[in-house]
Amino acid sequence: MLYSVKMRSSAGAPHERGGRHISGAERIVEGGELEETAAAMLRRARTHPRGGADFINLKIEAVNIERVLYKPLLPVTELSAAGKEEGRRIALEELVRAGVTPRAAKAGMEKIAALAESIRGAFLLDSGSGERLDDPEGSGVRVSGMDCDEAGEYLRSLEARGLRGEHIREALVLASKAAGHDGVAAELCWSDDPGYVTGYVASRTFGYRRIPVMKDLGDPVGGRVFFVNPGADIAALIEYLRRQTVLLRLGR
Ligand code: WAQ
Ligand code: MG
């Protein structure tokens, strides 16, 4: 039996009553891993760099195994950039190489760069025109319902290359799920953690292309953009990103 385990934590009040978001996490695990997984999430909520949580919501649901899709984890490539300007220039080049028009790539970059504070989800932009496709007043599309299968093998392969930590694991799983949908041409992302300046461009064709600097150290604003192929069924894509359970595997 597989279970989805989701945690979200906040300070001051629960999220729905205006509390400040502290951290969130989700995993899909076997029954035997439930306790360990839940304990690790509680620890994370209580000792997060953004502060300790006053409210922790932990939700555990059985997953219908017949509805699970399996997709490949994207291969990871590390690019180099000396600073934020170079990082962003490289990201634009990578997006264009993945089939996004220069105009849409620029629009996506500006969407994130113009945020006064981070929003919860990802912008969906047309990969040709750069027009926003999700609710223009909304806080973006939140991707959920994914984890990696055979996590040990996957983690060891990344760690062997010096790539460790929750940021990479979570971002690679999210990017791999999104790239597994035919409607997604590419993704642009950088972290909202003030101390974490790394970002990436991901696509099915070129994989997860890691860019070491995408913003200034201390900047608490990050974001995500999915560039959507013209003609894609937007409602179906949003449903896939939000709710379809996807397990990511090495190489297949
Ligand atoms: N679905 C959609 N958008 C999301 C989600 C989600 N589940 N989680 C976060 N976002 C959006 C939201 O706007 C955040 O502000 C923004 O993305 C950044 O989220 O070393 O840490 O979780 O290879 O801060 C990338 C580099 C790290 C990792 C990304 O993103 C590496 C990161 P964060
Ligand atoms: Mg973050």
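Relevant structure appears above.
Residues numbered from 1 in each chain as written. Chains lettered and ligands numbered in written order. Predicted model: local features only at pLDDT ≥ 70, side-chain atom pairs only at ≥ 80, totals over all residues. Heavy atoms only, no water.

Caption draft 1: Examining the coordination of the magnesium ion (ligand 2) more closely. Donor atoms from the polypeptide that coordinate the magnesium ion (ligand 2) comprise Asp192 (OD) and Asp193 (OD), at 2.1 to 2.3 Å from the metal. Relative accessible area serves as the criterion here: at 33%, Asp192 is assigned to the partly exposed category. (Donors = N, O, S within 2.8 Å, 3.2 Å for Na, K, Ca; no water. Buried < 20%, exposed > 50% of the residue type's maximum accessible area, 1.4 Å probe, protein only.)

Caption draft 2: Expanded view of the sheet that holds strand 7 (residues 146-148). Read across the sheet, 3 strands follow the order 4-12-7 without closing on themselves; strand pairing throughout is parallel. The open sheet has two free edges, formed respectively by strand 4 (69-72) and strand 7, since each of these has just one partner strand. On average, each strand axis in the sheet is inclined to that of its neighbour by 30°, with strand direction left out of account. Judged from the 4 bridges that link them, strand 4 and strand 12 (residues 246-249) form a sheet pairing that is parallel. Directly across from Leu69, in strand 12, lies its bridge partner Val246. (Pairing = 2+ DSSP bridges. Helix = DSSP H or I, 4+ residues; strand = E, 2+ residues; numbered from the N terminus. Axes fitted to C-alpha atoms, helices over the stretch in contact; angles between N-to-C directions.)

Caption draft 3: Expanded view of the sheet that holds strand 5 (residues 76-78). One open sheet holds the 6 strands; their spatial order is 5-10-9-8-11-6, and the pairing between them is mixed. Each edge of the sheet is formed by a strand with only one pairing partner; in this case those strands are strand 5 and strand 6 (123-126). Direction aside, the axes of adjacent strands within the sheet are offset by 20° on average. By the bridge criterion, 3 bridges tie strand 5 to strand 10 (residues 207-211) in an arrangement that is parallel. Note that in strand 10 the partner of Glu78 across the bridge is Arg210.

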